[in-house]
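Commentary on secondary and tertiary structure
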Amino acid sequence: MDAAILDEAYERLHFAGPEWGGNLSNHGPMAAEVLVRRGHGEQVPHWVDDYVVRLDELPAPGDPIVDDNWPAALGDFRRVGGWTRYFTGRLAEAPWREVLATWWPRLINGIAAGATHSAIRVGHVVRSLLAGDESPPAIAELGHALAYWAARSRTVPGVVAPSGHADPATALANVPRLPDQNGPIAGRLDRLGHLAGWPTSLASLRSVTDPDDAQRLLGEIVTAATLRYGTHGYGSPVLLVHTATAPNAVLHTLPALPRELWVASAVAAWVASAAVTATYGPADPAPTLAVSEDGSVVANALERAAAHGDEHVIKFTDTAAEVYERTGDVGALAAIERVFQLIPRTT
(Lines give C-alpha, C1' and ligand atoms only; values in the text may rest on other atoms or scores of the structure.)
Protein backbone atom coordinates (compact mmCIF):
# COMPACT_ATOMS: atom_id res chain seq x y z
CA MET A 1 0.00 0.00 0.00
CA ASP A 2 1.33 3.46 -0.92
CA ALA A 3 1.08 5.12 2.49
CA ALA A 4 2.43 8.44 1.22
CA ILE A 5 -0.53 8.91 -1.15
CA LEU A 6 -3.02 8.01 1.56
CA ASP A 7 -1.33 10.25 4.12
CA GLU A 8 -1.49 13.17 1.70
CA ALA A 9 -5.20 12.50 1.19
CA TYR A 10 -5.78 12.42 4.96
CA GLU A 11 -3.97 15.75 5.35
CA ARG A 12 -6.03 17.35 2.59
CA LEU A 13 -9.30 16.09 4.06
CA HIS A 14 -8.77 16.95 7.72
CA PHE A 15 -9.84 20.58 7.36
CA ALA A 16 -13.36 19.22 7.02
CA GLY A 17 -15.96 18.00 9.44
CA PRO A 18 -17.35 14.47 9.30
CA GLU A 19 -20.57 15.62 7.64
CA TRP A 20 -21.50 18.08 4.91
CA GLY A 21 -24.59 19.50 3.27
CA GLY A 22 -26.70 18.98 6.38
CA ASN A 23 -26.07 15.43 7.50
CA LEU A 24 -24.30 13.68 4.62
CA SER A 25 -21.22 11.79 5.77
CA ASN A 26 -17.74 12.70 4.62
CA HIS A 27 -16.55 9.54 2.86
CA GLY A 28 -13.29 11.00 1.61
CA PRO A 29 -10.84 9.19 3.92
CA MET A 30 -12.69 5.88 3.58
CA ALA A 31 -12.78 5.85 -0.22
CA ALA A 32 -9.16 7.00 -0.43
CA GLU A 33 -8.10 4.11 1.80
CA VAL A 34 -9.83 1.58 -0.45
CA LEU A 35 -8.37 3.05 -3.63
CA VAL A 36 -4.84 3.01 -2.24
CA ARG A 37 -5.09 -0.45 -0.68
CA ARG A 38 -6.58 -1.90 -3.86
CA GLY A 39 -3.80 -0.55 -6.08
CA HIS A 40 -5.47 2.53 -7.50
CA GLY A 41 -3.55 5.12 -5.53
CA GLU A 42 -2.67 7.10 -8.66
CA GLN A 43 -6.34 8.11 -8.89
CA VAL A 44 -6.58 9.39 -5.33
CA PRO A 45 -5.25 12.97 -5.78
CA HIS A 46 -7.73 13.71 -8.58
CA TRP A 47 -10.55 11.95 -6.71
CA VAL A 48 -9.85 14.11 -3.66
CA ASP A 49 -9.72 17.23 -5.87
CA ASP A 50 -13.29 16.51 -6.95
CA TYR A 51 -14.49 15.52 -3.49
CA VAL A 52 -13.17 18.29 -1.24
CA VAL A 53 -15.32 20.94 -2.89
CA ARG A 54 -18.40 19.34 -1.32
CA LEU A 55 -17.15 19.44 2.24
CA ASP A 56 -17.87 21.77 5.14
CA GLU A 57 -15.19 22.92 7.56
CA LEU A 58 -14.81 21.23 10.92
CA PRO A 59 -16.69 23.30 13.54
CA ALA A 60 -14.72 25.14 16.22
CA PRO A 61 -14.12 23.12 19.41
CA GLY A 62 -16.24 25.13 21.86
CA ASP A 63 -16.20 24.05 25.52
CA PRO A 64 -13.40 21.54 26.14
CA ILE A 65 -14.20 17.86 26.47
CA VAL A 66 -12.07 16.19 29.13
CA ASP A 67 -11.92 12.83 30.87
CA ASP A 68 -14.33 14.02 33.56
CA ASN A 69 -17.13 15.44 31.40
CA TRP A 70 -17.19 13.32 28.24
CA PRO A 71 -20.36 11.32 29.11
CA ALA A 72 -22.44 14.50 28.93
CA ALA A 73 -21.05 15.25 25.47
CA LEU A 74 -21.62 11.75 24.04
CA GLY A 75 -24.04 11.90 21.11
CA ASP A 76 -23.99 15.72 20.95
CA PHE A 77 -23.03 16.54 17.38
CA ARG A 78 -22.77 20.22 18.20
CA ARG A 79 -19.56 19.30 20.02
CA VAL A 80 -17.88 17.41 17.17
CA GLY A 81 -15.10 20.03 17.08
CA GLY A 82 -14.45 19.50 20.77
CA TRP A 83 -14.47 15.73 20.34
CA THR A 84 -11.92 16.05 17.54
CA ARG A 85 -9.64 18.14 19.74
CA TYR A 86 -10.10 15.66 22.62
CA PHE A 87 -9.13 12.59 20.58
CA THR A 88 -6.27 14.41 18.89
CA GLY A 89 -4.91 15.15 22.34
CA ARG A 90 -5.42 11.61 23.65
CA LEU A 91 -3.67 10.11 20.63
CA ALA A 92 -0.73 12.45 21.16
CA GLU A 93 -0.39 11.15 24.73
CA ALA A 94 -1.00 7.41 24.36
CA PRO A 95 -0.52 4.66 21.75
CA TRP A 96 -3.39 4.42 19.27
CA ARG A 97 -4.20 0.83 20.26
CA GLU A 98 -4.59 1.90 23.87
CA VAL A 99 -6.93 4.77 22.96
CA LEU A 100 -8.95 2.49 20.68
CA ALA A 101 -9.24 -0.23 23.34
CA THR A 102 -10.42 2.34 25.90
CA TRP A 103 -13.03 3.92 23.69
CA TRP A 104 -14.30 0.99 21.65
CA PRO A 105 -16.45 -0.43 24.50
CA ARG A 106 -17.75 3.08 25.25
CA LEU A 107 -18.82 3.57 21.64
CA ILE A 108 -19.71 0.14 20.26
CA ASN A 109 -23.33 0.12 21.44
CA GLY A 110 -23.77 3.46 19.66
CA ILE A 111 -22.75 1.90 16.34
CA ALA A 112 -25.75 3.46 14.56
CA ALA A 113 -23.89 6.79 14.84
CA GLY A 114 -24.04 8.67 11.55
CA ALA A 115 -25.96 5.80 9.90
CA THR A 116 -23.00 3.52 10.86
CA HIS A 117 -20.54 5.72 8.92
CA SER A 118 -18.52 6.53 12.02
CA ALA A 119 -17.73 2.89 12.79
CA ILE A 120 -16.96 2.32 9.11
CA ARG A 121 -14.54 5.25 9.09
CA VAL A 122 -12.80 3.81 12.15
CA GLY A 123 -12.54 0.42 10.45
CA HIS A 124 -10.89 1.85 7.34
CA VAL A 125 -8.20 3.77 9.20
CA VAL A 126 -7.51 0.89 11.58
CA ARG A 127 -6.85 -1.26 8.54
CA SER A 128 -4.22 1.27 7.44
CA LEU A 129 -2.69 1.40 10.90
CA LEU A 130 -2.52 -2.39 11.11
CA ALA A 131 -0.84 -2.45 7.70
CA GLY A 132 2.00 -0.39 9.17
CA ASP A 133 1.05 3.22 8.38
CA GLU A 134 1.32 4.75 11.85
CA SER A 135 2.20 8.17 10.50
CA PRO A 136 0.87 11.39 12.09
CA PRO A 137 -1.79 11.80 9.36
CA ALA A 138 -3.04 8.24 9.91
CA ILE A 139 -3.14 8.72 13.69
CA ALA A 140 -4.98 12.01 13.14
CA GLU A 141 -7.51 10.22 10.93
CA LEU A 142 -8.26 7.80 13.77
CA GLY A 143 -8.90 10.82 15.99
CA HIS A 144 -11.33 12.32 13.46
CA ALA A 145 -13.11 8.98 13.06
CA LEU A 146 -13.50 8.38 16.80
CA ALA A 147 -14.67 11.96 17.26
CA TYR A 148 -17.40 11.46 14.67
CA TRP A 149 -18.53 8.30 16.44
CA ALA A 150 -18.62 9.98 19.85
CA ALA A 151 -20.46 13.04 18.53
CA ARG A 152 -23.12 10.99 16.73
CA SER A 153 -23.27 8.04 19.17
CA ARG A 154 -26.73 6.52 19.01
CA THR A 155 -28.12 3.30 20.43
CA VAL A 156 -30.81 1.20 18.77
CA PRO A 157 -33.96 0.47 20.82
CA GLY A 158 -35.25 -3.00 21.58
CA VAL A 159 -31.87 -4.72 21.38
CA VAL A 160 -31.44 -8.25 22.72
CA ALA A 161 -28.43 -10.50 22.31
CA PRO A 162 -28.53 -13.39 19.83
CA SER A 163 -29.61 -16.60 21.54
CA GLY A 164 -31.07 -18.67 18.73
CA HIS A 165 -29.83 -21.02 16.03
CA ALA A 166 -30.44 -19.16 12.75
CA ASP A 167 -27.60 -18.40 10.39
CA PRO A 168 -27.18 -14.73 9.41
CA ALA A 169 -28.88 -15.10 6.02
CA THR A 170 -31.97 -16.63 7.61
CA ALA A 171 -31.97 -14.14 10.47
CA LEU A 172 -31.71 -11.17 8.09
CA ALA A 173 -34.53 -12.55 5.97
CA ASN A 174 -36.72 -12.70 9.09
CA VAL A 175 -36.05 -9.12 10.24
CA PRO A 176 -39.40 -7.27 10.16
CA ARG A 177 -39.73 -4.11 8.09
CA LEU A 178 -40.90 -0.78 9.39
CA PRO A 179 -44.36 -0.22 7.93
CA ASP A 180 -43.50 3.47 7.47
CA GLN A 181 -40.10 3.73 5.78
CA ASN A 182 -40.06 7.50 5.54
CA GLY A 183 -37.97 10.23 7.12
CA PRO A 184 -34.34 10.41 8.24
CA ILE A 185 -32.63 7.40 9.73
CA ALA A 186 -32.72 8.78 13.29
CA GLY A 187 -36.52 8.79 13.31
CA ARG A 188 -36.68 5.37 11.71
CA LEU A 189 -34.39 3.90 14.35
CA ASP A 190 -36.55 5.36 17.10
CA ARG A 191 -39.56 3.53 15.67
CA LEU A 192 -37.84 0.16 15.93
CA GLY A 193 -38.68 0.10 19.63
CA HIS A 194 -42.36 -0.30 18.67
CA LEU A 195 -41.87 -2.69 15.75
CA ALA A 196 -43.52 -6.06 16.32
CA GLY A 197 -41.05 -8.91 16.07
CA TRP A 198 -37.94 -6.72 16.18
CA PRO A 199 -36.40 -8.09 19.42
CA THR A 200 -37.35 -11.64 18.45
CA SER A 201 -35.60 -11.32 15.09
CA LEU A 202 -32.42 -10.08 16.78
CA ALA A 203 -32.50 -12.96 19.23
CA SER A 204 -33.00 -15.54 16.46
CA LEU A 205 -29.39 -15.31 15.27
CA ARG A 206 -27.16 -18.08 16.54
CA SER A 207 -25.56 -17.26 19.84
CA VAL A 208 -21.90 -16.25 20.02
CA THR A 209 -19.79 -18.49 22.22
CA ASP A 210 -16.24 -17.09 22.24
CA PRO A 211 -13.97 -14.56 20.49
CA ASP A 212 -13.03 -16.89 17.63
CA ASP A 213 -16.69 -17.70 17.04
CA ALA A 214 -17.46 -13.98 17.10
CA GLN A 215 -14.95 -13.45 14.31
CA ARG A 216 -16.49 -16.29 12.28
CA LEU A 217 -19.99 -14.95 12.85
CA LEU A 218 -18.97 -11.46 11.74
CA GLY A 219 -17.65 -12.90 8.48
CA GLU A 220 -20.95 -14.73 7.99
CA ILE A 221 -22.93 -11.54 8.65
CA VAL A 222 -20.87 -9.64 6.07
CA THR A 223 -21.40 -12.43 3.54
CA ALA A 224 -25.15 -12.64 4.16
CA ALA A 225 -25.66 -8.88 3.94
CA THR A 226 -23.56 -8.63 0.77
CA LEU A 227 -25.51 -11.38 -0.98
CA ARG A 228 -28.80 -9.87 0.17
CA TYR A 229 -27.86 -6.53 -1.37
CA GLY A 230 -27.82 -8.29 -4.73
CA THR A 231 -31.56 -8.95 -4.46
CA HIS A 232 -32.79 -6.26 -2.04
CA GLY A 233 -30.43 -3.31 -2.55
CA TYR A 234 -32.92 -1.60 -4.85
CA GLY A 235 -35.00 -0.63 -1.79
CA SER A 236 -32.45 2.02 -0.85
CA PRO A 237 -29.30 1.63 -2.95
CA VAL A 238 -27.06 3.86 -0.83
CA LEU A 239 -28.26 3.12 2.70
CA LEU A 240 -28.42 -0.65 2.27
CA VAL A 241 -24.73 -0.96 1.35
CA HIS A 242 -24.08 -0.32 5.05
CA THR A 243 -25.72 -3.59 6.06
CA ALA A 244 -22.50 -5.14 4.74
CA THR A 245 -19.86 -2.42 5.06
CA ALA A 246 -20.56 -1.70 8.75
CA PRO A 247 -20.01 -5.27 10.00
CA ASN A 248 -17.03 -5.56 7.65
CA ALA A 249 -15.46 -2.51 9.29
CA VAL A 250 -15.92 -4.13 12.69
CA LEU A 251 -14.46 -7.39 11.38
CA HIS A 252 -11.32 -5.59 10.23
CA THR A 253 -10.96 -3.78 13.55
CA LEU A 254 -10.99 -6.95 15.67
CA PRO A 255 -7.23 -7.67 15.36
CA ALA A 256 -6.50 -4.28 16.95
CA LEU A 257 -8.81 -4.94 19.92
CA PRO A 258 -8.46 -7.04 23.05
CA ARG A 259 -10.13 -10.40 22.44
CA GLU A 260 -12.54 -9.87 25.32
CA LEU A 261 -14.23 -7.16 23.20
CA TRP A 262 -14.86 -9.37 20.18
CA VAL A 263 -18.17 -10.91 21.22
CA ALA A 264 -19.78 -7.57 22.04
CA SER A 265 -18.42 -6.22 18.75
CA ALA A 266 -20.06 -9.02 16.73
CA VAL A 267 -23.38 -8.48 18.49
CA ALA A 268 -23.30 -4.74 17.84
CA ALA A 269 -22.44 -5.28 14.18
CA TRP A 270 -25.38 -7.67 13.84
CA VAL A 271 -27.70 -5.08 15.39
CA ALA A 272 -26.46 -2.43 12.95
CA SER A 273 -26.99 -4.64 9.90
CA ALA A 274 -30.44 -5.72 11.09
CA ALA A 275 -31.46 -2.15 11.94
CA VAL A 276 -30.63 -0.82 8.48
CA THR A 277 -32.41 -3.82 6.95
CA ALA A 278 -35.54 -3.12 9.02
CA THR A 279 -35.60 0.59 8.27
CA TYR A 280 -34.73 0.59 4.54
CA GLY A 281 -35.14 -2.95 3.19
CA PRO A 282 -37.86 -3.73 0.64
CA ALA A 283 -40.40 -6.51 1.10
CA ASP A 284 -39.68 -8.49 -2.05
CA PRO A 285 -36.46 -9.58 -3.75
CA ALA A 286 -35.44 -8.61 -7.25
CA PRO A 287 -34.29 -11.38 -9.60
CA THR A 288 -30.68 -12.38 -9.09
CA LEU A 289 -28.35 -11.03 -11.75
CA ALA A 290 -26.49 -13.56 -13.85
CA VAL A 291 -22.72 -13.02 -13.82
CA SER A 292 -19.73 -14.84 -15.25
CA GLU A 293 -16.52 -15.57 -13.40
CA ASP A 294 -12.96 -15.62 -14.57
CA GLY A 295 -9.58 -15.20 -12.97
CA SER A 296 -9.59 -11.41 -13.28
CA VAL A 297 -13.15 -10.74 -12.15
CA VAL A 298 -12.23 -9.15 -8.80
CA ALA A 299 -9.49 -6.96 -10.27
CA ASN A 300 -11.87 -5.85 -13.02
CA ALA A 301 -14.61 -5.03 -10.50
CA LEU A 302 -12.26 -2.90 -8.43
CA GLU A 303 -10.94 -1.11 -11.51
CA ARG A 304 -14.52 -0.38 -12.55
CA ALA A 305 -15.34 0.91 -9.07
CA ALA A 306 -12.37 3.25 -9.14
CA ALA A 307 -13.45 4.54 -12.55
CA HIS A 308 -17.08 4.85 -11.40
CA GLY A 309 -15.98 7.20 -8.63
CA ASP A 310 -18.95 7.03 -6.25
CA GLU A 311 -17.76 6.52 -2.70
CA HIS A 312 -20.46 3.97 -1.84
CA VAL A 313 -19.73 1.93 -4.95
CA ILE A 314 -16.01 1.96 -4.10
CA LYS A 315 -16.55 0.81 -0.52
CA PHE A 316 -19.21 -1.80 -1.28
CA THR A 317 -17.22 -3.28 -4.17
CA ASP A 318 -14.27 -3.65 -1.82
CA THR A 319 -16.43 -5.49 0.73
CA ALA A 320 -18.14 -7.71 -1.85
CA ALA A 321 -14.78 -8.54 -3.44
CA GLU A 322 -13.54 -9.68 -0.05
CA VAL A 323 -16.61 -11.88 0.34
CA TYR A 324 -15.96 -13.48 -3.05
CA GLU A 325 -12.27 -13.95 -2.27
CA ARG A 326 -13.14 -15.55 1.07
CA THR A 327 -16.08 -17.73 0.02
CA GLY A 328 -16.03 -18.08 -3.75
CA ASP A 329 -19.78 -17.33 -3.76
CA VAL A 330 -20.73 -15.90 -7.15
CA GLY A 331 -23.59 -14.05 -5.44
CA ALA A 332 -21.01 -11.52 -4.24
CA LEU A 333 -20.17 -10.75 -7.86
CA ALA A 334 -23.87 -10.34 -8.60
CA ALA A 335 -24.07 -7.88 -5.71
CA ILE A 336 -21.24 -5.86 -7.26
CA GLU A 337 -23.10 -5.74 -10.55
CA ARG A 338 -26.21 -4.63 -8.69
CA VAL A 339 -24.49 -1.70 -6.99
CA PHE A 340 -23.13 -0.52 -10.36
CA GLN A 341 -26.66 -0.78 -11.72
CA LEU A 342 -28.33 1.08 -8.86
CA ILE A 343 -25.96 3.95 -8.03
CA PRO A 344 -25.24 6.48 -10.78
CA ARG A 345 -21.68 7.09 -11.86
CA THR A 346 -19.94 10.18 -10.49
CA THR A 347 -19.45 12.70 -13.27
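The structure we're discussing is the one just above.
The shown structure was predicted, so the numbers you read here are calculated from the model rather than taken from an experiment. (Residues numbered from 1 in each chain as written. Predicted model: local features only at pLDDT ≥ 70, side-chain atom pairs only at ≥ 80, totals over all residues. Heavy atoms only, no water.)

What follows deals with the overall build of the chain. Helices and strands together make up the secondary structure of the chain, namely 17 helices and 2 strands. In terms of overall size, the chain behaves like a compact globule, its C-alpha atoms giving a radius of gyration of 19 Å where 347 residues would be expected to give roughly 20 Å. Across its three principal axes, the chain shows a C-alpha extent of roughly 50 × 45 × 40 Å. Here the chain holds 347 residues, and 58% of them are scored as buried. Here the analysis covers contacts within the chain between residues at least 6 apart in sequence; of these, 79% occur between residues at least 24 apart. Total accessible area on the chain stands at roughly 13,500 Å², and carbon and sulfur atoms take up 53% of it. On the chain, the mean spot of the 26 positive side-chain charges and the mean spot of the 39 negative ones are 5 Å from each other. (Helix = DSSP H or I, 4+ residues; strand = E, 2+ residues; numbered from the N terminus. Rg over C-alpha atoms; globule rule 2.2 N^0.38 Å. Buried < 20%, exposed > 50% of the residue type's maximum accessible area, 1.4 Å probe, protein only. Contact = heavy atoms within 4.5 Å. Areas by Shrake-Rupley, 256 points an atom, 1.4 Å probe, with all protein chains shown as cover. Lys, Arg positive; Asp, Glu negative; His and termini not counted. Charge placed at Lys NZ, Arg CZ, Asp CG, Glu CD.)

Here the focus is the environment of Ala-151. Topologically, Ala-151 is positioned in helix 8 (residues 136–152). Overall, Ala-151 belongs to the buried group, its relative accessible area being 0%. Ala-151 has contacts with Gly-75, Asp-76, Phe-77, Val-80 and Trp-83, leaving out every residue within four places of it along the chain.

Our next topic: the pattern of salt bridges. A full pass over the atoms with the stated rule returns 19 salt bridges. Note that Asp-318 is salt-bridged to Arg-127, the shortest N-O span being 3.2 Å. With Asp-318 in helix 16 (residues 311–327) and Arg-127 in helix 7 (residues 117–130), this pair connects stretches of sequence that are 191 residues apart. Side by side, Asp-318 and Arg-127 carry an identical accessibility label, which is buried. The partner of Arg-259 in a salt bridge is Asp-212, and the shortest N-O contact between them spans 3.1 Å. (Salt bridge = Lys/Arg side-chain N within 4 Å of Asp/Glu carboxyl O.)

What follows concerns the side chain of Asp-310. Within the fold, Asp-310 resides in the loop between helix 15 (297–308) and helix 16. We note that Asp-310 is buried and unpaired, the nearest opposite charge coming from Arg-54 at a distance of 6.0 Å. Among the polar contacts made by the side chain of Asp-310, one reaches the main-chain amide nitrogen of His-312 at a distance of 2.8 Å. (Polar contact = N/O pair within 3.5 Å; in protein donor to acceptor, adjacent residues only side chain to side chain.)

Our focus in this paragraph is the packing of aromatic side chains. Applying the stated criterion across every chain, the model contains 11 aromatic pairs. For the pair Phe-77 and Tyr-148, a centre-to-centre distance of 6.5 Å together with 65° between the ring planes defines the contact as edge-to-face. In this pair, Phe-77 sits in the loop between helix 4 (70–73) and helix 5 (80–93) while Tyr-148 sits in helix 8, placing the two residues 71 residues apart along the sequence. Centroid distance Tyr-229 to Phe-316: 4.6 Å. Interplanar angle 40°. Geometry classified as tilted. With Tyr-229 in helix 12 (residues 211–232) and Phe-316 in helix 16, this pair connects stretches of sequence that are 87 residues apart. (Phe/Tyr/Trp six-rings, centres within 6.5 Å; stacked < 30°, edge-to-face > 60°.)

Right, let's get into the packing of helix 7 against helix 13 (residues 242–253). Axis separation between helix 7 and helix 13 bottoms out at 8 Å; the angle between their running directions is 40°. In this view, helix 7 runs oblique relative to helix 13, as classed from their interaxial angle. Here helix 7 runs over helix 13; the crossing is left-handed. Side by side, helix 7 and helix 13 meet where His-117, Ala-119, Ile-120, Gly-123, Val-126, Arg-127 and Leu-130 of the first sit next to His-242, Thr-245, Ala-246, Ala-249, His-252 and Thr-253 of the second. A class-by-class count of the residues in the contact of helix 7 with helix 13 yields 6 nonpolar, 6 polar and 1 charged. (Axes fitted to C-alpha atoms, helices over the stretch in contact; angles between N-to-C directions. Parallel < 35°, antiparallel > 145°, perpendicular 65-115°, else oblique. Left-handed = near helix turned anticlockwise from the far one by under 90°. Nonpolar A, V, L, I, M, F, W, Y, C, P; charged D, E, K, R; others polar.)

Moving on, we get to helix 2 (residues 28–37). Most of helix 2 sits out of view: 9 of its 10 residues are buried. Residues of helix 2 that are buried: Gly-28, Pro-29, Met-30, Ala-31, Ala-32, Glu-33, Val-34, Leu-35 and Val-36. On its buried face, helix 2 sits against helix 1 (3–13), helix 3 (44–52), helix 7, helix 8, helix 15 and helix 16.

Here we come to helix 1. Those residues of helix 1 that sit buried are Leu-6, Asp-7, Ala-9, Tyr-10 and Leu-13. Taken around the axis of helix 1, the buried residues stretch over an arc of 160°, which confines them to a single face. Facing away from the buried side of helix 1, by more than 90 degrees, are the exposed residues Ala-4 and Glu-11. In this structure, the buried side of helix 1 is in contact with helix 2, helix 3, helix 7 and helix 8. (Arc of directions from axis to C-beta.)

What follows concerns unusual backbone geometry. Residue Ala-115 is not a glycine yet carries a positive backbone phi of 55°. Ala-115 gets classed as buried once you look at its relative accessible area, which sits at 11%. Positive phi, close to 75°, is recorded for Thr-116, a residue that is not glycine. Here Thr-116 lies in the loop between helix 6 (96–107) and helix 7. Residue Thr-116 is classed as buried on the basis of its relative accessible area of 3%.

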